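A closer look at the structure
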Amino acid sequence: LKFRVTEKSAGSNRFCHIAMAEPDYYQLIGVDRNATLHEIRSKFRAKVLAEHPDKGGDPKKFQMLNKAYNVLTDTEKRRRYDTTGRAEKSAEEEFVEGFAGGRHHFEPRTKEQDEKAIVSLQDRIIQGTQTHEEGFAEWLRQRDQQAMVLTDKDFMKTHLFNASELATKISHPGPVQHVLGSPKTDAYGQALGGAVQVQVKPRPLKKTIDHDEVLVRMLAVPVDESMVYADLKKTGVCLGVTGVGRVEQAGTRVEDLKTTDPVLVLPKPAKFSSSHPIGTARTLLTCGEEDLLRIPNEILDELTPEQICLTPTIVCAYTVLEQFGSKLKPGDSVLLNAAHLSASGSALLQLCKLLKLKPLCMLSLPGSPKNLAKGEYGSKSAWADVDSRAAAPPTVRQQYERISELLVTMGAEEVFPDAVALLRWRDRNQRMLPKLALDGIATRDSCEQLIHCLQSGDKDAQIVVYGHGVAQPLEISPPLLAAWGGRIAGFNIARWVHSLSGNAKKMMAVMENVTKLVRANKFVLDTVMYKVGEDAISDAFSRAADAADNTQVVLIFPTLQEELSLSHQEQKAEMEKQARVKEEEAAKKREEDERDKLKSDWLNLLFTDQSVAAMSPEGPLSTAYEGGNTSNPSALLVWVGDDPKSDAAAMRDISAQAPSAALVSLAWSDHPAGEAFNEFSLKSPEVVDGSFYLRDRQGFENQDLDMLHDVELLGRCLLESIEPKLGEFGLDWDKVVIMGFGKGAGIALYASLLNIFPKQVSAMVLFSPIVLFPSFLAQKMEALRMPGAGKMKVFTVWGNRNRSTPGTYRQLLAQTLKKAKDVHCTPDTLPDADHSFDSKSVNVLTSMLPLCLPR
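Right, let's walk through the structure included here.

Procedures and definitions
Residues numbered from 1 in each chain as written. Predicted model: local features only at pLDDT ≥ 70, side-chain atom pairs only at ≥ 80, totals over all residues. Heavy atoms only, no water. Patch = residues over 30% accessible without salt bridge, like charges linked within 9 Å, V, L, I, M, F, W, Y side chains within 5 Å. Areas by Shrake-Rupley, 256 points an atom, 1.4 Å probe, with all protein chains shown as cover. Salt bridge = Lys/Arg side-chain N within 4 Å of Asp/Glu carboxyl O. Helix = DSSP H or I, 4+ residues; strand = E, 2+ residues; numbered from the N terminus. Buried < 20%, exposed > 50% of the residue type's maximum accessible area, 1.4 Å probe, protein only. Pairing = 2+ DSSP bridges. Axes fitted to C-alpha atoms, helices over the stretch in contact; angles between N-to-C directions. Contact = heavy atoms within 4.5 Å.

1. Side note on a nonpolar patch on the surface
On the surface, Phe136, Trp139 and Leu140 cluster together into a nonpolar patch covering about 290 Å² of accessible area. In this fold, Trp139 is placed in helix H8 (residues 132-142). Relative accessible area serves as the criterion here: at 41%, Trp139 is assigned to the partly exposed category.

In structure tokens:
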């Protein structure tokens, strides 16, 4: 005996195959190879009597003699034994002989068999038109007999309402896990396309099932393109179009299915779509009886649920080759562009290898250069002029080499990165182009590239689109399609199964043949499993969408006991989570209330005698310039600008225009209290659009509170600078005129309106004043301001191009000043002026001084 042991590691799967060479049956009986049937029978009688166990013969040799006699007396077995040395058919031979009526069998058919298999159009013409009886008989043969019969069951389904008394209550009490998909959208809610976003959530079941419905406990669901690239229109859609499960409960009118029956979920395409799938990716599925196919025990005994759930994919590959490859012969080429994708590609490769076909594979990986054949069909310039010098990154090249080696091992003759490489290889080797191409990726340019790599339409070339793809429309140039002249067909396994009643039986028959191949280690199903509720479901979908990973991803589901336990755990966890959330919200609210109280107390103390600035003064502002009549002035002019060094020349001009008054320029930006306020940018977006000025005390942040404190502190420093000068010159506050620009003008206005100055000044001239939060100033004025004896004149001058003081802020400040009864505000605008104190501003200030000086 000769033994051959083959092993394959795929997770925990292990296959072992032992082959035994059969003995020489002719030598065992004692006849020549050309012996007649009479000679074999004569020799066998003599041998079998001598070796009979009752007469002391060897039982094993007696058994071998009977087997040799059975083989040599059977014409078909003797012919196979003489040719191959084996009397029994292998699983591979049984598959090939059963595929498409045996047209891919290695031995050619006889002439008589060919004549019977081919319909002669000439004979049909000679015979003439059919008679009415012949035509009617042919019509009856082509009709689906099951669709022509209306039973009471069909009447209940289609013509009678679902009575409530026929409904069955679902025994499972709790929610079950659902794999939910949502379309990927941008920030505006517009769909971006591509892979869907997935999550796992428990959802409740409906209370009852109708009389024609079945409750299926799902065991395994394949993650294919129809799930990854589902064309969803809304969020939270349960994914999945097929899968394997067991019947948990059946409706009162369901007769063909019983509890615990293994079933394959394969709904009719007309009932569901890519945007509205049946939703098999859940622990318990409610569906109609017509959406289920019972799985034979022969398949169930040999294959696992994660392998059986690939039945539609495998049968799709089988049927595509059978229907559209009817004119192919062993040795012909088939063009594949999705051989590296999941189970569909590997199934096609292995079936082609069994049928002695030669697959040419196009392997396009993400990140690799895209060299597209463009131009007229059959023209060498369509591919010869393509610049293919761009190289793929090293990681992509390594993936390409790894996957190419795997594809060749599985049966591919050659692997190409794109159509250009295939056409150049064909030109170098003088090879015939294939007649059949199978498009499993279905992208925008996939069919167009396959057309360039096929023979012309007059040689029966065709493309079959069998994949869901990435939900993109196919784009083919009409001149290219017309020049090619071939046929583009589509194939959907669910539509094929439900089109004829016999196709469902054929589907299971195909799987029984595949089961034998799996048992003989001639067909390999490479899968990886993710358990819903335990493993990261996003990783499963990312792996399924990865073109560099050819392993089929399968989802498996928890048992109902695990679902109940998980439901209780989730309910407990949800209650604990809600308690934590409430506690966190309460703590956060207490913190916010405490912070709001502290903020309110702080704001109430600002600009009062109990404030931090009042209790901790930081000294007067430094004097940047002093001029004018300093011996016996009639008034004191005080300038508070943002840049005292550049304002010095302007101050000299102003003092010359008011010879009777003393002039003092104070530098707030050099004071330690003004450091943060000085760094505040007036070009920030919130200042330019006015939202900064519109803040109220509820929306103040810590930075805003600090700046208000600095403004009060600088106002009190301004007071400490002016009071000694008034004492020196013997003047009172009604002889003071405050002038300022920008932030300095805002500091002076706050100090004047909120009673930091002990008395009201005579007038104020403010150029583009930056007043923090006018609404807060109005509230403090209402609470603190003591009206003066007379009206204080306030002149505000704005640059019409000053973006730091937008119109909304100016209007808000004007409304605030109107609320002060003892203030008379006069606004003015400088044309073509921005946020600066220039010569035009000096001229305006000089012209206003006579209106401001006390009389």
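There is more to say, and it comes next.
2. Some points on the sheet that holds strand S13 (residues 414-416)
Ordered in space as S13-S12-S11-S14-S15-S16, the six strands form an open sheet in which the pairing is parallel. With partners counted over all chains shown, the strands left at the sheet margins are S13 and strand S16 (487-490), one partner each. Put simply, the sheet's adjacent strands are angled 20 degrees from each other on average, direction ignored. The pairing of strand S11 (residues 333-336) with strand S14 (residues 436-439) spans three bridges and is parallel. Across the sheet, Leu335 pairs through a bridge with Ala437, a residue of S14.

3. Some thoughts on the sheet that holds strand S21 (residues 661-667)
Within the open sheet, the seven strands sit side by side as S19-S21-S20-S22-S23-S24-S25. Their pairing is mixed. Edge strands, defined here as strands with exactly one partner in the open sheet, are strand S19 (622-628) and strand S25 (823-830). On average, each strand axis in the sheet is tilted by 15 degrees relative to the strand beside it, whichever way the strands run. Where strand S23 (residues 763-767) lies against strand S24 (residues 792-799), five bridges are found, and the strand directions are parallel. Opposite Phe767, over in S24, you have Val797 as the bridge partner. Against the sheet, helix H28 (residues 702-729) makes contact with S19, strand S20 (635-641), S21 and strand S22 (736-741), and its axis sits at roughly 160 degrees relative to S20, the strand it touches most.

4. Concerning the pattern of salt bridges
For side chains bearing opposite charge, pairing can occur when the charged atoms are close. Scanning all chains against the criterion turns up 30 salt bridges. The salt bridge involving Lys271 is made with Glu290; its shortest N-O contact spans 2.9 Å. Highlighted residues: Lys271 in the loop between strand S8 (262-265) and strand S9 (284-288) and Glu290 in the loop between S9 and strand S10 (292-294), separated in sequence by 19 residues. Of the residues examined, Glu290 reaches a relative accessible area of 28% and is grouped as partly exposed. Each of Asp24, Arg33 and Asp82 takes part in a single network of salt bridges with overlapping partners.

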